[in-house]
Amino acid sequence: MTVIEAAITINSSVDKVWELVADLDNEPKFWKGTKSVRTTSKEGNTIKREIIIAFRDSKCMQTITMQPKQRILVTFTEGIVNGTKTMQLIPEGEKTKLETIWDIKMTGMLGMFTGMVKKHIKNGTEQALESIKQEIEKQV
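Residues numbered from 1 in each chain as written. Predicted model: local features only at pLDDT ≥ 70, side-chain atom pairs only at ≥ 80, totals over all residues. Heavy atoms only, no water.

Caption draft 1: Focus on the overall build of the protein. The secondary structure content of the protein amounts to 3 helices and 7 strands. Seen in sequence order, the protein has helices and strands lined up from the N terminus as β-α-α-β-β-β-β-β-β-α. Here the protein has a C-alpha radius of gyration of 15 Å; the compact-globule value for 140 residues is 14 Å, and the two agree. For the protein, the spread of C-alpha atoms along the principal axes amounts to about 45 × 35 × 20 Å. Within the protein, the proportion of its 140 residues that are buried is 40%. Taking the intrachain contacts of the protein between residues at least 6 apart in sequence as the baseline, contacts between residues at least 24 apart amount to 47%. (Helix = DSSP H or I, 4+ residues; strand = E, 2+ residues; numbered from the N terminus. Rg over C-alpha atoms; globule rule 2.2 N^0.38 Å. Buried < 20%, exposed > 50% of the residue type's maximum accessible area, 1.4 Å probe, protein only. Contact = heavy atoms within 4.5 Å.)

Right, dumping it as C-alpha cells:
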C-alpha cells in the first residue's frame, strides 16, 4: 500500500468546510481525477456510490462513512484502486485544517504502477485542497 498525505489550513470554521466537503456530488468540481459520481444507496451516514476516475475512465465502487464535521472515510470496494481515502477536519481556533490521507494500491496487473501514480495523486490532492480553500475563503 502507498500512503499519500496532504493538508491545508482554511480561514473558515469547521461548519463551513464541512458544508462544502460533505457535498459529495460536487467532488468532480474539486478533484480533477474524479470524472463523475453516482450514489447507488444511502443509509444513515453510509453512502455507496460508483465513480469514474480519469485514469483510463475506470469505474470504481466506494463505500463512504460520514462522521459529521470530523471525517469522511472513503473505502474503494471494487475497481482498479484498493484502499482508503480519509478527509479529516481539525479545528484550529477560527481556522480549519483539512487533511487528506490516501492508503491505496492499484489492483491486479496495475499494482506495479502504484508508485508512478503516487506523485500524480499527491499533486491532484494538493490541487483539490487548494481549490476547496479558495472556494470557501471567497465566501467569507
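Caption draft 2: Representation of the nonpolar core within the structure. Val21, Ile72, Val81, Leu98 and Ile132 are the most contacted members of the largest nonpolar core, which has 36 residues in total. When residues of this core are traced back to their parent elements, those giving at least two are strand E1 (2-10), helix H1 (14-21), strand E3 (46-53), strand E4 (58-67), strand E5 (71-78), strand E6 (81-92), strand E7 (95-106) and helix H3 (114-137). The element best represented in this core is H3, accounting for 6 residues. (Core = buried A, V, L, I, M, F, W, Y, C linked by side-chain atoms within 4.5 Å.)

Caption draft 3: Looking closely at the environment of Lys85. Tracing the sequence through the fold places Lys85 in strand E6. On the accessibility criterion, Lys85 (4% relative accessible area) is buried. Taking the C-alpha atoms as reference points, Lys85 and Lys119, separated by 34 residues in sequence, lie 15 Å from one another. Not counting the four nearest positions on each side in its chain, Lys85 is found in contact with Glu27, Trp31, Ile72, Leu73, Val74, Phe76, Thr100, Ile101 and Trp102.

Caption draft 4: Inspection of the pattern of salt bridges at higher detail. Overall, the coordinates contain 10 salt bridges when judged by the stated rule. Between Lys29 and Glu135 there is a salt bridge whose closest N-O contact spans 3.6 Å. Of the two residues, Lys29 is situated in helix H2 (residues 27-30) and Glu135 in helix H3; the sequence distance between them amounts to 106 residues. We note a salt bridge from Glu50 to Arg38, for which the minimum N-O separation is 3.3 Å. (Salt bridge = Lys/Arg side-chain N within 4 Å of Asp/Glu carboxyl O.)

Caption draft 5: Examining H3 more closely. In this model H3 runs 34 Å from its N-terminal to its C-terminal C-alpha over 24 residues, within 8% of the 34 Å that 1.5 Å per residue would give. Looking at the buried side of H3, the elements it contacts are E1, H1, H2, E6 and E7. (Expected span 1.5 Å × (residues − 1).)

Caption draft 6: Representation of the environment of Ile64 within the structure. On the secondary structure map, Ile64 appears in strand E4. Using a relative accessible area of 0% as the deciding quantity, one classes Ile64 as buried. Separated by 15 residues in the primary sequence, Ile64 and Arg49 place their C-alpha atoms 8.0 Å from one another. Not counting the four nearest positions on each side in its chain, Ile64 is found in contact with Leu24, Asn45, Thr46, Ile47, Arg49, Ile72, Leu73 and Val74.

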